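Coordinate analysis (summary)
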Amino acid sequence: MAGSTPASPTTELGKTVASVSPWAEAWRRFRRHRLAYWSLWVLGLMVLAVLLGPLFYKVGINEIDFQARLAGPSAKHPLGTDDLGRDILARVLYGGRISLAVGLAAMLMAIIVGVLIGALAGISRGWVDTALMWVTDLFLSLPQLPLLLLLIFLFRDTLKAAFGLEVGIFLLIVLVIGGFRWMPVARLVRAQFFSLREKEFVEAARALGATTTRQVARHILPNSLGPVIVAATIDVAAAIIAESTLSFLGLGFPPDIPTWGRILYDGRDYMDIAMHWALFPGLAIFITVLTINFVGDGLRDALDPRRVL
């Protein structure tokens, strides 16, 4: 009727039902996944601990006390000390910052590269798609750990000289790990594009004269973000494990810059007399990766429109 304004809520059987945004509905579905919901809280507490802990626990990470070397957990040293008497709690809190930063930075690199290559392959046809998928399959077939070790040996000294010790090693590890994590994201995004580019709303936008760039930016890519977000959580966990593996092999950060993997590497020879040295950083890696995987599992269920919780 002319002059009337449509009501925003919908009515069903005489009852007014307010509309819910897709993100609010996804959050409601995520909260129904109890394990993922509480894992998010545990992960958030761990992030706050590594970010704010050193502000309150002011013991130096390289503060040496030979009288307390290899001491077990106590009131003075809640997680014990290492072979030089350095406080393990201080080193675990500091190392958590580096491990999480490496995981997030490598994830961002893998997601950006994977989305770009997957979107370009998914919207293209012919030789462009074939060439990009050939490159993706080539990277997938490469043995990752030997190549990681080779690249670190080749470029570690160059980046250390160019950017300094800590920044150079950080950039090298992020580039190496992120450079071998983008391929699953690219294949996932490509498959999403193949499915969405034939949908009715994309066909309608194309019929109205929308350019290919607008179709991708406004219609296809936003509807592909659900699986990408889930893949991002998996990549964070994988990057943390990869950094810990490199540090455990002695190819990561030097001993005076602790990460969780580096602390494990330093404590491997003292498992029989000082198990706490390797136990607590190992628990930190285990809990962090486990909670991230549970959060990713919850996001997968929450962002899947075919699943009803």
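Computed from a prediction, not measured in an experiment: that's the story for all the values here.

Comments concerning the packing of helix α3 (residues 88-123) against helix α4 (residues 127-141)
- Between α3 and α4, the least distance of the axes is 8 Å, while the angle of their chain directions is 145 degrees. As for the relative orientation of α3 and α4, their crossing is left-handed in sense. Of the residues in α4, those in contact with I117, L120 and A121 of α3 are V128, D129, L132, M133 and T136.

Points about the pattern of salt bridges
- Summed over all chains, the structure comprises seven salt bridges.
- Taking the shortest distance from any N to any O, the salt bridge between R187 and D137 comes out at 2.5 Å. Here D137 lies in helix α4 and R187 lies in helix α7 (residues 183-196), a separation of 50 residues in the sequence.
- A relative accessible area of 37% places D137 in the partly exposed class.
- Across the salt bridge formed by D235 and R181, the nearest N and O atoms sit 2.9 Å from each other. Of the two residues, D235 is situated in helix α10 (residues 225-248) and R181 in the loop between α6 (165-179) and α7; the sequence distance between them amounts to 54 residues.

Details of the packing of aromatic side chains
- For the coordinates displayed, the defined rule picks out five aromatic pairs.
- Ring geometry for F139 against F180: centres 6.4 Å apart, planes inclined by 55 degrees, an arrangement best described as tilted. Taken together, the positions of F139 in helix α4 and F180 in the loop between α6 and α7 put the pair 41 residues apart, joining distant regions of the chain.
- Residue classification places F139 among the partly exposed positions, given a relative accessible area of 26%.
- Over the face of the ring belonging to Y265 we find R268, whose NZ or CZ atom lies 4.2 Å from the ring centre.

Considerations on the environment of M133
- When you line up the elements, M133 lands in helix α4.
- Separated by 50 residues in the primary sequence, M133 and M183 place their C-alpha atoms 9.2 Å from one another.
- Those residues in contact with M133 that sit more than four places away from it in its chain are A121 and R190.

A look at the environment of H219
- You can see H219 is positioned in helix α9 (residues 212-220).
- H219 sits 22 residues away from R197 along the chain, and the two C-alpha atoms are 8.8 Å apart.
- Residues within four places of H219 in sequence aside, it is in contact with F201, V202, A205 and R214.

Remarks on the confidence of the model for the protein chain
- Looking at the protein chain as a whole, its pLDDT mean stands at 80, while 91% of the residues score no less than 70.
- Per-element averaging of pLDDT across the protein chain places strand β1 (residues 10-12) at the bottom with 48 and helix α2 (residues 34-56) at the top with 89.
- Here residues 1-8 is modelled with pLDDT under 50, and outside its nearest four sequence neighbours on either side it reaches one contact, counting other chains as well.

Some remarks on α6
- A rise of 1.5 Å per residue sets the reference length of α6, with its 15 residues, at 21 Å; its end C-alpha atoms lie 21 Å apart and thus fit the reference within 8%.
- Of the residues making up α6, those classed as buried are G168, I169, L172, I173, V174, V176, I177, G178 and G179.

Considerations on the side chain of E243
- Among the structural elements, E243 can be located in helix α10.
- Salt bridges are absent for the buried E243, whose nearest opposite-charge side chain, R262, sits at 8.9 Å.
- In this structure E243 touches S99, V102, I173, I177, F253 and T259, once residues within four positions along its chain are discounted.

Parameters at a glance
- Residues numbered from 1 in each chain as written.
- Predicted model: local features only at pLDDT ≥ 70, side-chain atom pairs only at ≥ 80, totals over all residues.
- Heavy atoms only, no water.
- Axes fitted to C-alpha atoms, helices over the stretch in contact; angles between N-to-C directions.
- Helix = DSSP H or I, 4+ residues; strand = E, 2+ residues; numbered from the N terminus.
- Left-handed = near helix turned anticlockwise from the far one by under 90°.
- Contact = heavy atoms within 4.5 Å.
- Salt bridge = Lys/Arg side-chain N within 4 Å of Asp/Glu carboxyl O.
- Buried < 20%, exposed > 50% of the residue type's maximum accessible area, 1.4 Å probe, protein only.
- Phe/Tyr/Trp six-rings, centres within 6.5 Å; stacked < 30°, edge-to-face > 60°.
- Lys NZ or Arg CZ within 6 Å of the ring centre and 35° of its normal.
- pLDDT = per-residue confidence, 0-100.
- Expected span 1.5 Å × (residues − 1).
- Lys, Arg positive; Asp, Glu negative; His and termini not counted.

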